Every structure is written in structure tokens, then in C-alpha cells.
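Each chain is listed here by its residues.
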Amino acid sequence: MIAVAFALPQESRDFRRALAAAGGRLGLEEIRVVHLGVGPESAAAQAAHLLAETRPSRLICAGFAGGLDPRLVTGDLVVAENFSAPEFVARCRKQAEGAGGCFFGGLVSRCVPVESVAEKAALARETGALAVDMETAAVAEACRGAGVPLLAVRVISDPASVPLPVPFAEWFDVRSQRPRRWGLVKFIVRHPRRVGPFADFVRGLAPARRALTDFLLRFVGT
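Residues numbered from 1 in each chain as written. Predicted model: local features only at pLDDT ≥ 70, side-chain atom pairs only at ≥ 80, totals over all residues. Heavy atoms only, no water.

Caption draft 1: Layout of the layout of surface pockets. One number sums up the size of the largest pocket: a volume of about 870 Å³. Residue lining of the largest pocket: 33 residues in total, with Leu-8, Phe-64, Phe-168, Trp-171 and Phe-201 positioned closest to the centre. Listed by contribution, the elements that provide at least two residues to the lining of the largest pocket are α1 (9-21), β4 (58-67), β8 (131-133), β9 (150-158), α6 (168-171), α7 (181-190) and α8 (195-221). Counting residues per element, the lining of the largest pocket draws most heavily on α8, at five residues. Of the residues in the lining of the largest pocket, the class split is 21 nonpolar, three polar and nine charged. (1 Å grid on protein atoms, 1.4 Å probe; cavity = no way out; pocket = protein on both sides within 12 Å on 5 of 7 lines; lining within 4 Å. Points joined across faces, edges and corners; volume = space filled by probe spheres on them. Helix = DSSP H or I, 4+ residues; strand = E, 2+ residues; numbered from the N terminus. Nonpolar A, V, L, I, M, F, W, Y, C, P; charged D, E, K, R; others polar.)

See the structure below:
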């Protein structure tokens, strides 16, 4: 069994639909989609439970990420060489031959979102990473402890040159692992100039999700 882990159902939506249409299998192995929650604490706990309960043959950690390298645009893919098993990186390189929009390099995880352009630039200088997320480092630690090989792949939702239009804390409560919908509405009402950037951000999520889904279907299907 191959486990494909996302933080939230919004990230896995297209992949789950494709998997359901294929009868729950891609290639020869059963695929299980799991949601680990947002942030390192939830991801570590859920990944440990998953690996103890099911012992997958491999785990793919996927989802959205913020861009740190200015070359990356919304919808570009990052294969995290610093977290992924070398044989999986080699397969991804072969899969990406002749196609654009797939980058190989470092991914860094942080406990809180990196939201501003200045913060992204500073983190890029500090780490040399291509992108930033909140869960992969915790998942990688759990996989190392369980001896389960990992592929970490992320799709860019907000490039290095674009700040998050709505602060993360305004629309998501990490402690309860629930969206703060009224918090989002109230923020937009107080900051009407953010409506346009927020709409652009939301529009970019659908093609980014499709790019990630296409990549996962090709990788898992082989």
C-alpha cells in the first residue's frame, strides 16, 4: 500500500477524484489518501499513527507550498531532494524530462507560515531552499523512524514575489485544525483592497492542484 499524505482535503480533492475513478488503485498497489492536518505538531502525530497502523511500502507527502526561489511561479512543482529517497528523486527526474515547471532542490519547513515577500527573501538567503511548507520535515522524521521511504513533492501556491493576501491566522485555527471562515470574512471587510489579491490567490489554487495531481498520477501509476 502506498500512502499519499496531504495537510488538508482541499489539497487532495482532484487526486481523490481521480483515484476513485480508478477504483482505488493506480498501477499494482492500493493507494490510501490521508490528511495530516496543518503544522508540524499535527503532521508528526498523524504520520506516526499512520506508520504504526498500516506500514505503507512508501509515503508521498504532497500539497501546497510557498515559493522562495523567484524563478518559481504558481503551479510549479518542487521535488524536495533533501527529504526524498534518492531512487524516488531519480524517477521524478526521468518523469520530468522534456517538461517544464518541475524543480529539484531543497524544501524547508517552518512552524508558522512565511507570509511576506521580505520574509520569503530572508528565508531563501538563509537556507537556499526553493520553497517552504509547514509539515514535510515532521513527516520525514516519522518516516525515518519507521524505515518508510518518502517522496516529498509540493506545488507552489504563492510565489516568492507575492505575499499571502490574508494572514494565515485570520482564516485558520491550528489548535482546532479548523478554518476560521468568519475571521476571513471580517478581515476582507476591514481590508477591501485585499479582495483582488485574495481572488487571484484562490483562482491560482485550482490549476496548482491539477498540476500536482497530474504529477502524482504519473508517479504512482508507474
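Caption draft 2: Looking closely at the pattern of salt bridges. By the definition in use, this model includes eleven salt bridges. Lys-120 is the salt-bridge partner of Asp-158, the closest N and O atoms lying 2.7 Å from each other. Of the two residues, Asp-158 is situated in strand β9 and Lys-120 in helix α4 (residues 117-127); the sequence distance between them amounts to 38 residues. The exposure class of Asp-158 is buried, given its relative accessible area of 5%. Residue Asp-200 is joined to Arg-203 by a salt bridge in which the shortest nitrogen-to-oxygen separation is 2.3 Å. Note that Asp-200 and Arg-203 are positioned in helix α8 at a spacing of three residues, about one turn of the helix. A relative accessible area of 55% places Arg-203 in the exposed class. Look at the salt bridges and you will find they share partners, linking Asp-133, Glu-135 and Arg-154 into a network. (Salt bridge = Lys/Arg side-chain N within 4 Å of Asp/Glu carboxyl O. Buried < 20%, exposed > 50% of the residue type's maximum accessible area, 1.4 Å probe, protein only.)

Caption draft 3: Expanded view of the packing of helix α2 (residues 40-53) against helix α5 (residues 136-146). In the contact formed by α2 and α5, the axes pass within 8 Å of each other and the chain directions differ by 25 degrees. In this view, α2 runs roughly parallel relative to α5, as classed from their interaxial angle. The two elements α2 and α5 meet at a crossing, and its hand is right-handed. Contacts between α2 and α5 involve Pro-40, Ala-43, Ala-44, Ala-47, Ala-48 and Leu-51 on the former and, on the latter, Ala-138, Val-139, Ala-142, Cys-143 and Ala-146. When the residues that make up the contact of α2 with α5 are grouped by side-chain class, the tally is eleven nonpolar, no polar and no charged. (Axes fitted to C-alpha atoms, helices over the stretch in contact; angles between N-to-C directions. Parallel < 35°, antiparallel > 145°, perpendicular 65-115°, else oblique. Left-handed = near helix turned anticlockwise from the far one by under 90°. Contact = heavy atoms within 4.5 Å.)

Just distances and angles here, no functional claims.
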